Amino acid sequence: MSTSRPLFVGVDLSTQQLKLTAVAPPDSEGGPPTIAWTEAVSFDAELPQYGTRGGAVARGPCVHAPALMWIEALDLLLAKLQRAGFPFDTVRAVSGCGQQHGSVFWAKGAARMLGGLDPQRTLTSQLGGTAERGSALAVPMSPIWMDTSTSEQCRRLEACAGGAAALAEITGSAAHERFTGPQIAKIFETQPEAYARTERISLVSSFMASLFLGKIAPIDAADASGMNLLNVRTRTWDRRLLDACAPDLSRRLSDTEADVVPSDAVLGTISSYFVERFGFGADCLVVSFTGDNPATLCSLPLGPNDIMISLGTSDTLCFSTKEARPTPGGHIMRHPFVHDQFFGMLVFKNGSLARERVCSEHAGGSWTQFDRLVDGAATVAESQATNPPIGLFFFEPEITPAHPGGRVVRWQHGCYVDAFRPASLDCLVILESQMLAMRHHLEQALGCGADVQGSPTLRRVIVAGGAAANQRILQVMADVFDAPVLRLSTENVNGASFGRALVAWHAWTTQSRAVHGGDFGDVLETLETTASVAALPRTEPWRAERLRNQASQLALLYQQDAV
Ligand SMILES: Nc1ncnc2c1ncn2[C@@H]1O[C@H](COP(=O)(O)OP(=O)(O)O)[C@@H](O)[C@H]1O
Ligand SMILES: O=C(CO)[C@@H](O)[C@H](O)COP(=O)(O)O
């Protein structure tokens, strides 16, 4: 074992990139851990041969990603680190996460292939299949969270449970097209031979863990909550729901006594492939991987009455809750580190990509120019407090509220318009509409009994994700939620991989009974010193009036445009 400063790694296989953060524990006990290294591979730009846009291949409602691209991204990520002199031998533990709900179908023989990889060759060249042996993947294109093609399977699953509310009572969510159970059902129905050839099914998170582990990794409780298959209270598969999706599903999902493992469980040591090819220590631990949203929860010092908003490809809003009280449009999932608790989540699909679209239409794709247009519109906002413009920017099918998409609705001067005057008002109004939509749906969720009390007792919003770099977005967020918006230090650009690096550290110290050993919550508390206020709510009365009017008009647009 190397004697230099130990590092702990978090890997995030999200929608558009594979990212890695390595953290070093604090020099003195009690301080915050520091980021020692970051690296990323962008799917579209660095692996163009797979033809993805925003990390996905879309054909109508079917949105998939090539699982082999994800494998090649790991080859590339580690090769980049190797070229940069990354000290692999100092890594004591690896954990990680992945975009939620997506599934990887391992072909028969895949587990054997994972356990016998040749360190002289890349993962891609071996798992992608060779002349001598087939691919490790039974289904090359993995359905991902942006897929909306499983409405029929969703209705069937709800019928099997006794309705949408009954399914939500069991699994924490009504049936959602992107959830893994309906997706598996569709693969079974449309590709029965591929399903028959499937040895195991992983989530994107447990798929990445499997590569590091050299065997198929178990699914963790937090990410399993996004499948419509897990009884969210007992943490066991609901056999009736499994059978409603596909035959012999249970043995394809787990092979151990427990159906799912805690999201911070130590799964074993790293595969000898990584030891021999890159120089990881043979005793480097692999700690359970989870979904990217629960992973972000592992990176923020979230206190009572705080909410987390992650602005990744999707916009998501999460809060901790002691009780599982599912809400109609939201999700209740197992908490990633407080094992007897849950978290509530609202997901908005038209998040960053919708903002990017507006940015490209009006600002030529430059965020600096976009910001100028937001500022320009903000100077006249005061004069529009009584009858302010508002819109629905549903370019893609929306999750919250459920909407088929392909539609932008603009409301100005009391009527529907095709374009705002000036057209660049889109830049400010999309931000206001997105944030007001979050608040609207949070209030509905709170009405159903979440622990967070809501404005005005909402204490803080803590943000993460790529778009959290944008000050204009955070200012509108602070105004709408009427609460301070905090961000961790700007170098901490990827909360999800950072959070999992912290989990890796905590799991290692707990296992080795070394320095730390306390609660994971204590680790997160040390991060308070790195959090700073990025935006405070502005208090001019006209602004409150504008937002109030926009909120009521938005609720009306929802009703009028309801499907
Ligand atoms: N300055 C900015 N302003 C607004 N959005 C931004 C800015 N910088 C990055 N983004 C957005 O961040 C998104 C990527 O965030 P990220 O958290 O890396 O996504 P994911 O984890 O889903 O791959 C991009 O789609 C981009 O639109
Ligand atoms: O579908 C969901 C959560 O339910 C998405 O939030 C995915 O988990 C993708 O995450 P990002 O890549 O946008 O972070």
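Right above here is the structure, for reference.
In short, a report on the structure. (Residues numbered from 1 in each chain as written. Chains lettered and ligands numbered in written order. Predicted model: local features only at pLDDT ≥ 70, side-chain atom pairs only at ≥ 80, totals over all residues. Heavy atoms only, no water.)

### Things to note about the sheet that holds strand β15 (residues 315–321)
The test is simple: Whether two strands pair comes down to DSSP finding at least two bridges between them. Comment: elements are numbered from the N terminus, with helices defined as DSSP H or I runs of at least four residues and strands as E runs of at least two. Lines fitted to C-alpha atoms define the axes, with helix axes restricted to the stretch in contact, and inter-axis angles between N-to-C directions lie between 0 and 180 degrees.
Taken together, the seven strands give an open sheet; going across it, the order is β16-β17-β15-β14-β21-β22-β23, and neighbouring strands pair in mixed fashion. Each end of this open sheet is capped by a strand with a single partner; those strands are β16 (331–334) and β23 (532–535). When strand polarity is set aside, the average angle formed by the axes of neighbouring strands in this sheet is 35 degrees. Relative to β15, strand β14 (residues 306–311) is paired through four bridges, and the arrangement is antiparallel. By the bridge assignment, M308 is partnered in β15 with C318.

### Focus: the packing of aromatic side chains
Our working rule: Planes of paired rings set the category: under 30 degrees apart is stacked, over 60 is edge-to-face and the rest tilted, where pairs are Phe, Tyr or Trp rings (Trp by its six-membered ring) whose centres lie within 6.5 Å. Relative accessibility decides the category of a residue: with a 1.4 Å probe and only protein chains considered, values under 20% of the type maximum give buried, values over 50% give exposed, and everything between is partly exposed. The rule is short: NZ of Lys or CZ of Arg within 6 Å of the ring centre and within 35 degrees of the ring normal puts a charge over the ring.
Summed over the entire model, instances satisfying the criterion amount to 16 aromatic pairs. With centroids separated by 5.4 Å and ring planes inclined at 40 degrees, the aromatic side chains of W106 and F207 adopt a geometry described as tilted. With W106 in strand β7 (residues 103–107) and F207 in helix α9 (residues 204–213), this residue pair connects regions lying 101 residues apart in the sequence. The residues W106 and F207 share a single accessibility class, namely buried. Connected via pairs of aromatic rings, a cluster forms that spans W37, F86, F88, F212, Y273, F274, F278, F280 and F289. One residue, R252, lies across the ring of Y195, its end atom 4.1 Å from the ring centre.

### Describing the site of ligand 1
Test applied: We call a residue near a molecule or strand whenever a single non-hydrogen atom of that residue lies within 4 Å of it. Methods summary: accessible areas were calculated by the Shrake-Rupley approach with a probe of 1.4 Å, and residue burial reflects only the protein chains presented.
As a matter of local geometry, ligand 1 sits amid 15 residues, with S14, K19, T313, E356 and G466 nearest to it. For ligand 1, whose unbound accessible area comes to 580 Å², protein coverage reaches 83%. For the shell around ligand 1, the secondary structure elements donating two or more residues are β2 (17–24) and α15 (352–363).

### Side note on the sheet that holds strand β1 (residues 7–13)
Short version of the rule: Contact between two residues is taken to exist if any of their heavy atoms lie within 4.5 Å; hydrogens are not considered.
Pairing within the open sheet is mixed, and its six strands lie in the order β3-β2-β1-β6-β13-β12. Single-partner strands in this sheet number two, and they are β3 (34–42) and β12 (266–269). Direction aside, neighbouring strands of the sheet carry axes that sit 20 degrees apart on average. Helix α2 (residues 67–83) rests against β1, β2 and β3 of the sheet, and its axis sits at about 135 degrees to β3.

### Here we look at the layout of surface pockets
Quick reminder of the rule: Cavity and pocket criteria rest on a 1 Å grid covering protein atoms alone: a 1.4 Å probe that fits but cannot get out defines a cavity, protein on both sides within 12 Å along at least 5 of 7 lines defines an open pocket, and an atom within 4 Å of a point defines a lining residue. Grid points are joined across faces, edges and corners, and a volume is the space filled by probe spheres set on the points. As a working rule, the residues Ala, Val, Leu, Ile, Met, Phe, Trp, Tyr, Cys and Pro are called nonpolar, Asp, Glu, Lys and Arg charged, and the rest polar, with Gly in that last group.
Space inside the second largest pocket adds up to approximately 650 Å³. Lining the second largest pocket we find 34 residues, and of these H176, I399, T400, P401 and A402 sit closest to its centre. Counting residues per element, the ones that place at least two in the lining of the second largest pocket are α5 (151–161) and α17 (426–447). It is α17 that contributes the most residues to the lining of the second largest pocket, four residues altogether. In terms of residue class, the lining of the second largest pocket is made up of 16 nonpolar, eleven polar and seven charged.

### A word on the side chain of S497
One can find S497 in helix α19 (residues 495–512). Classification of S497 as buried rests on a relative accessible area of 0%. Sequence-distant contacts of S497, that is, excluding residues within four places in its chain, are made with G10, V11, D12, K19, L20 and T21.

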